[in-house]
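Notes for the structure review
Residues per chain are reported as follows:
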Amino acid sequence: MRTPAQDKTVSSSLVKALDLITSLVAHPNGLSYLQLSEQGNMPRTTVRRIVQTLVGYGLVVHEGGVVRLTEHFHSWAAPDWNSLMKRRYRPVLERIATEVNELVLVGAMSGDSVEHIDFIEADHLVQVAPALTWRLDARQTAMGKLCISRRRELMAAITDPDLRADLERIKRTGISWNRGVSDPGAVSVAVAGLSNKPTEPVIAVAWPMQRFTEEAAQKAISAIQRAVAAEIENPTIMGSGSR
């Protein structure tokens, strides 16, 4: 339902985006810019701006002259997204954990924090303690900084020059580090999950300081990348592959 333009309590840009998504839900084969403009009663320039934003989040694609929703959109819109991601990423975590024998986690951005979705602990006397109830400042964690680096509006809000430089490096390399910032006794490294879309979970491996080595970290990065590639190539769960 469209909100009157004079209602200042509602974001008109958000309403237009929701109208556009509603039209696409009703037309799974997609609609052209002209059709979206006519159905939404908005200029094509506005349609183009909304579509480009949604493309950046991996929620729609613009191919062959039509815009359509992606498989990623349907996963993102699932009633219990966390449970779906936990099932989707569990085989990936298991592959990584078998190789690295350290704490392996998957998590995603939630507001200005990162939430852990699932993890597998290592069989060591000294361990890094995970918790699914933690909400960690995204700017202080490997997973959080990787998530921020994929979102232009969050990058634009960073004013600290050192953090900005770190995020630019992460954006270039796809690898994010937390060397004792959020937990003085631990080191962690994070890499993208099944896609590099802003809403996609990320994967991390963590070590106690006393057991960390640069060689172990490089092996962990390779293990994550191999496990992700294997899942994309042969999905364990329907829809795991990147689309």
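To be clear, the structure that these remarks concern was listed above.
Every value quoted in this text rests on a predicted model; they were computed, and no experiment measured them.

**Re the overall build of the chain**
Looking only at helices and strands, the chain features nine helices and eight strands. Residue burial in the chain is summarised as follows: out of 243 residues, 48% are buried. Sequence separation of 24 or more characterises 54% of the internal contacts of the chain that already satisfy a separation of 6 or more. Total accessible area on the chain is roughly 12900 Å²; 53% of this is exposed by carbon and sulfur atoms.

**Thoughts on the packing of helix 6 (residues 142–149) against helix 8 (residues 161–173)**
It is the contact of helix 6 with helix 8, at a shortest axis distance of 9 Å, that shows an interaxial angle of 75°. With respect to each other, helix 6 and helix 8 are oriented roughly perpendicular. Contact residues: Lys145, Leu146, Ile148 and Ser149 in helix 6; Leu163, Asp166, Leu167, Ile170 and Lys171 in helix 8. Counted by class, the contact of helix 6 with helix 8 contains five nonpolar, one polar and three charged residues.

**Quick word on unusual backbone geometry**
For residues besides glycine, phi is generally negative; the peptide bonds are generally trans as well. Although it is not a glycine, Asn41 sits at a positive phi angle of roughly 55°. With respect to the helices, strands and loops of the structure, Asn41 is situated in the loop between helix 2 (33–40) and helix 3 (44–56).

**So, helix 8**
With 13 residues, helix 8 ought to run about 18 Å at 1.5 Å a step, and its terminal C-alpha atoms sit 18 Å apart, in line with that. Of the positions making up helix 8, those classed as buried are Leu163, Leu167 and Ile170. Seen along its axis, helix 8 keeps its buried residues to an arc of 60°; they face one direction. Exposed positions of helix 8 whose direction lies more than 90 degrees from the buried face are Pro161, Asp162 and Arg172. Buried residues along helix 8 sit in contact with helix 6, helix 7 (152–156) and strand 6 (175–179). In the segment just after helix 8, Gly174 is the residue with positive phi, at about 75°.

**Examining the pairing of strand 4 (residues 113–120)**
When you tally the buried positions in strand 4, you get seven out of eight residues, the bulk of the element. Alignment of strand 3 (residues 103–110) against strand 4, held across seven bridges, turns out to be antiparallel. By the bridge assignment for strand 4, Val106 is matched with Asp118. Here strand 3 folds back onto strand 4, and the loop between the two strands holds two residues, one of which, Gly111, carries a positive phi near 70°.

**Overview of the pairing of strand 6**
For strand 6, the buried fraction is high: four of the five residues fall into the buried class. Two strands pair when backbone bridges link them, and strand 6 and strand 7 (residues 186–192) are joined in this way by five bridges, in the antiparallel orientation. Residue pairing across strands places Ile175 opposite Val191, the latter belonging to strand 7. Here strand 6 folds back onto strand 7 in antiparallel fashion, the turn holding six residues, of which Gly180 has a positive phi close to 80°.

**Re the environment of Leu84**
Its location among the elements puts Leu84 in helix 5 (residues 81–100). Of the residues examined, Leu84 reaches a relative accessible area of 15% and is grouped as buried.

Rules used in this analysis
Residues numbered from 1 in each chain as written. Predicted model: local features only at pLDDT ≥ 70, side-chain atom pairs only at ≥ 80, totals over all residues. Heavy atoms only, no water. Helix = DSSP H or I, 4+ residues; strand = E, 2+ residues; numbered from the N terminus. Buried < 20%, exposed > 50% of the residue type's maximum accessible area, 1.4 Å probe, protein only. Contact = heavy atoms within 4.5 Å. Areas by Shrake-Rupley, 256 points an atom, 1.4 Å probe, with all protein chains shown as cover. Axes fitted to C-alpha atoms, helices over the stretch in contact; angles between N-to-C directions. Parallel < 35°, antiparallel > 145°, perpendicular 65-115°, else oblique. Nonpolar A, V, L, I, M, F, W, Y, C, P; charged D, E, K, R; others polar. Expected span 1.5 Å × (residues − 1). Arc of directions from axis to C-beta. Pairing = 2+ DSSP bridges.

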